[in-house]
Amino acid sequence: MAGDIEVTESRQAIVGTTPVRRALPLRGRRTVGAWCFADHIGPVDVSRHNDVGIAPHPHMGLHTVTWLLEGELVHRDSLGSEQVIRPGQLNLMTAGHGIAHSEESTRDDDWTMHGIQLWVAQPDSTRHGPSAFEHHADLPIVELDRARGTVLVGEFGATRSTARSDTPLVGVDLDLDGAVDIPLEQRFEYGIVVLDGAIDVAGTTVKPGQFAYLGTGRDELGLVATDRSRLVLLGGTPFGERVLMFWNFVARSRDEVDAAYASWRVDDGRFGTVASSLPRIPSPAPPWGPS
Ligand code: MN
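Worth saying up front: this structure is predicted, and the values here are computed from it rather than measured.

Participant: What's the story with the overall build of the protein chain in this structure? I'm lost.
Facilitator: What the protein chain contains, in helices and strands, is one helix and 25 strands. Against the 2.2 N^0.38 benchmark of 19 Å for 291 residues, the protein chain shows a C-alpha radius of gyration of 18 Å, consistent with a compact globule. Looking at the protein chain as a whole, 54% of its 291 residues are labelled buried. Carbon and sulfur atoms form 46% of the exposed surface of the protein chain, whose accessible area is close to 12,600 Å².

Written as structure tokens, this is what we have:
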């Protein structure tokens with residue numbers, strides 16, 4: 001049965017030196033489908049004195065999904081990938097057992113950065129597996145009456161992205177300037193991050209800095225934008241595995257986090273090396289202390 005819309009204020013956080021609005025994880029709701037992390041970045045003015053670059057850091061047990069509305073970054077990872085990402089393109093990195101990457105500025109002049117960084121928890125069947133990197137420059141577009149959808153991951157209506165997903169999942173960017181009914185999957189739960197403007201979601205107004213959660217059981221959803229607005233719709237079958245997230249690691253147990261923390265600290269090769277001029281970011285120590 002379709003429940004009410006639950007709107008939560010995002011938390012202010014700092015990544016590097018950049019303020020972000022963290023929509024996920026929420027207290028009491030760690031995941032929406034397998035989506036486990038959502039940082040809305042900017043819009044923020046970037047200059048030599050206010051860099052948005054993120055130096056090399058490790059990940060495990062997740063996919064990172066990077067999507068820009070404005071600006072440009074270069075991704076480098078320990079597989080040797082080097083890829084510039086621009087608005088309309090998707091970077092999807094699979095961490096598996098371990099990978100390291102950086103996301104750095106490409107420009108010295110003043111520019112504006114606006115985007116969203118998402119993480120997807122990998123299921124037990126793939127989270128110990130190899131790492132990988134994909135860049136998608138041509139994502140499928142869905143034209144609706146008053147909206148244009150870009151399918152980042154998974155399937156939206158009958159349109160499927162070629163990006164990897166390990167569990168039933170959807171991620172769609174919607175650019176709206178009116179009223180539209182969008183197709184949903186009854187078995188999926190959903191969340192909406194508004195990136196620009198304001199959206200009426202089934203009667204509730206949602207703005208940037210807020211996260212709207214919709215439970216399972218809907219097969220469509222009415223959205224209304226009075227001015228041109230932009231949102232990301234995230235959905236998937238409720239993730240059946242209980243995740244433990246610490247820093248850049250998605251795990252199931254403290255032992256797994258302790259092992260990853262130790263590997264990054266001593267640089268034992270598990271996460272590899274990123275060809276970056278920036279120094280590696282040290283991991284904070286897990287709050288539960290050494291085991
Ligand atoms: Mn990262």
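On we go.
Participant: Is there a simple way to think about the sheet that holds strand 11 (residues 111-121) in this case?
Facilitator: Backbone-to-backbone hydrogen bonds join strands into a sheet, with any given pair of strands oriented parallel or antiparallel. One open sheet holds the seven strands; their spatial order is 2-3-4-11-6-9-12, and the pairing between them is antiparallel. What marks the edges here is a single partner per strand, and that holds for strand 2 (11-15) and strand 12 (132-136). For this sheet, the mean inter-axis angle between neighbouring strands, taken without regard to orientation, is 20°.

Participant: Whenever I open this one, unusual backbone geometry confuses me. Can you help?
Facilitator: With the exception of glycine, most residues fall at negative phi, and the peptide bonds are largely trans. In this structure, P25 follows L24 across a cis peptide bond, with omega equal to 0°. Secondary-structure assignment places P25 in the loop between strand 3 (18-24) and strand 4 (35-46). Residue G42 is joined to P43 through a cis peptide bond whose omega torsion reads 5°. Mapped onto the elements, P43 comes out in strand 4. At D267, a residue that is not glycine, the phi angle is positive and equals roughly 55°. You can see D267 is positioned in the segment after helix 1 (254-266).

Participant: Could you clarify how one ought to interpret the coordination of the manganese ion in this entry?
Facilitator: Around a metal, the perfect tetrahedron of four donors has angles of 109.5 degrees, and the perfect octahedron of six donors has angles of 90 or 180 degrees. Protein ligation of the manganese ion involves H57 (NE2), H59 (NE2) and H101 (NE2), the donor distances falling in the range 2.1 to 2.2 Å. Spacing between the donor residues of the manganese ion along their common chain follows H-x1-H-x41-H. Of this pair, H57 sits in strand 5 (residues 54-59) while H101 sits in strand 10 (residues 99-105), placing them 44 residues apart in sequence. Each member of the pair, H57 together with H101, is buried.

Participant: What am I meant to see in the sheet that holds strand 8 (residues 82-85) here?
Facilitator: Spatially, 5-10-7-8 is the arrangement adopted by the four strands of the open sheet, whose pairing is antiparallel. The sheet is open, and its two borders are formed by strand 5 and strand 8, each paired with just one other strand. Strand-to-strand twist across the sheet, computed as the mean angle between neighbouring axes with direction ignored, equals 20°.

Participant: Honestly, the pairing of strand 14 (residues 147-156) in this entry has me stumped. Any pointers?
Facilitator: Looking along a regular strand, one sees side chains alternate from face to face of the sheet. For strand 14, the tally of buried residues reaches eight of ten residues, placing the bulk of the element in the interior. In the sheet, strand 13 (residues 141-143) pairs with strand 14 via three bridges, with the strands oriented antiparallel. Across the sheet, residue E143 finds its bridge partner in strand 14, namely R148. Two strands pair when backbone bridges link them, and strand 14 and strand 16 (residues 169-176) are joined in this way by seven bridges, in the antiparallel orientation. Each bridged residue has a counterpart across the sheet, and for A147 the counterpart in strand 16 is L176. Where strand 14 hands over to strand 15 (residues 159-160), the hairpin turn is made up of two residues, of which G157 adopts a positive phi near 60°.

Participant: I keep staring at the packing of aromatic side chains and nothing clicks. Help me out?
Facilitator: The geometry of an aromatic ring pair comes down to the distance between the two centres and the angle between the two planes. Using the criterion set out here, one finds six aromatic pairs in the structure. A ring pair is formed by W247 and F249, whose centres lie 5.7 Å apart and whose planes are at 80°; its orientation type is edge-to-face. Pairwise contacts between aromatic rings join W247, F249, W264 and F271 into one cluster. Positioned over the ring face of W264 is R280, at 3.7 Å from the centre of the ring.

Quick notes on the rules
- Residues numbered from 1 in each chain as written.
- Predicted model: local features only at pLDDT ≥ 70, side-chain atom pairs only at ≥ 80, totals over all residues.
- Heavy atoms only, no water.
- Helix = DSSP H or I, 4+ residues; strand = E, 2+ residues; numbered from the N terminus.
- Rg over C-alpha atoms; globule rule 2.2 N^0.38 Å.
- Buried < 20%, exposed > 50% of the residue type's maximum accessible area, 1.4 Å probe, protein only.
- Areas by Shrake-Rupley, 256 points an atom, 1.4 Å probe, with all protein chains shown as cover.
- Pairing = 2+ DSSP bridges.
- Axes fitted to C-alpha atoms, helices over the stretch in contact; angles between N-to-C directions.
- Donors = N, O, S within 2.8 Å, 3.2 Å for Na, K, Ca; no water.
- Phe/Tyr/Trp six-rings, centres within 6.5 Å; stacked < 30°, edge-to-face > 60°.
- Lys NZ or Arg CZ within 6 Å of the ring centre and 35° of its normal.

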